[in-house]
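# Observations on the model geometry
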Amino acid sequence: MKSVTVRFFLLVFYLVTIPGCGRLIDWGKDALYQGETLTIDTAVAKKNIKSVAVYDQFTTQAIFDALFLSDDVRTACANVYARKWGKDKDQYTAFLRRQLEENKHYISFYVLSLYEKPLGESTSEWALFLRIDDKDMVPFEVKSIDMPPEYELLFGKRFNQFKIAYSVKFSMRDGEDNLVVSLNTKQIALVFRSMDKEVVLAWNSGRETVGCVK
């Protein structure tokens, strides 16, 4: 009988407090100026972000999120940057040109990894490299960075205090000065490999998704 009474009062408590809380939040939004909400198109970023979580039974071994910095992603970033800082058309164009120039020399990614799973060190548990169709390439650079706020926005909830951000770059040309990506390239992929596991994050290629093809 006592347990039934307790459950009854708990039910009444939730019915009274939960709607009240909602009304309080609504009142706060109406009474306190919230600023003007700006619409942000994240569709391009979502198309270029790949994520994977690796487990050993129920234990998390690694979590990787990678944003491919294609021309359309860099353009989306430039739009956010220019709007935030009030840049005029010429300033926006100059900023975007610098962003796109980077893609003439490197295939670039921003990669997130758990703090306890660092990348790019000789003692790292996980290594990563680029696979273009059936050819593998070692990175030109893997370094930890402070994520630019525009790209932090594009990552959304994937970026949090438990992860480190890395800039990962691969040369656009091989040892014979030939472009490693062309319109005939079918797929590019980031391969993450430990001593006993491998995971692959892949993007379909072509000029519309591999904006760095020139």
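Heads up: these notes are all about the structure in this document. (Residues numbered from 1 in each chain as written. Predicted model: local features only at pLDDT ≥ 70, side-chain atom pairs only at ≥ 80, totals over all residues. Heavy atoms only, no water.)

## Side note on the side chain of Lys169
Position of Lys169 among the secondary structure elements: in strand β7 (residues 163–171). Of the polar contacts made by the side chain of Lys169, one reaches the side chain of Glu102; its length is 2.6 Å. Residues within four places of Lys169 in sequence aside, it is in contact with Glu102, Tyr106, Ile107, Ser108, Pro139, Phe140 and Glu141. (Helix = DSSP H or I, 4+ residues; strand = E, 2+ residues; numbered from the N terminus. Polar contact = N/O pair within 3.5 Å; in protein donor to acceptor, adjacent residues only side chain to side chain. Contact = heavy atoms within 4.5 Å.)

## Considerations on the packing of aromatic side chains
Counting across every chain of the model gives 9 aromatic pairs. A ring pair is formed by Phe109 and Phe170, whose centres lie 6.2 Å apart and whose planes are at 85°; its orientation type is edge-to-face. In this pair, Phe109 is assigned in strand β3 (residues 106–114) and Phe170 in strand β7, connecting sequence segments 61 residues apart. The class of Phe170 is buried, set by a relative accessible area of 0%. Pairing Phe109 with Trp203 gives two aromatic rings, centres 5.3 Å apart and planes at 50°, and the pair type is tilted. In this pair, Phe109 sits in strand β3 while Trp203 sits in strand β9 (residues 198–204), placing the two residues 94 residues apart along the sequence. Accessibility expressed as a relative area gives 0% for Phe109, which makes it buried. Every member of this aromatic cluster is reached through a ring pair, and the members are Phe68, Phe109, Phe170 and Trp203. Lys169 extends its terminal NZ or CZ atom over the ring of Tyr106, reaching a point 5.1 Å from the ring centre. (Phe/Tyr/Trp six-rings, centres within 6.5 Å; stacked < 30°, edge-to-face > 60°. Buried < 20%, exposed > 50% of the residue type's maximum accessible area, 1.4 Å probe, protein only. Lys NZ or Arg CZ within 6 Å of the ring centre and 35° of its normal.)

## Concerning the nonpolar core
One recurring pattern in soluble globular proteins: nonpolar side chains tend to sit buried together. Membership of the largest hydrophobic core comes to 27 residues, with the highest contact counts inside it found for Ile107, Phe109, Val111, Leu190 and Phe192. Among the elements of the structure, β2 (59–68), β3, β4 (127–132), β7, β8 (187–193) and β9 are those that each provide at least two residues to this core. Phe109 has contacts with Leu67, Phe68, Leu69, Leu130, Tyr166, Ser167, Val168, Phe170, Ile188, Leu190 and Trp203, leaving out every residue within four places of it along the chain. (Core = buried A, V, L, I, M, F, W, Y, C linked by side-chain atoms within 4.5 Å.)

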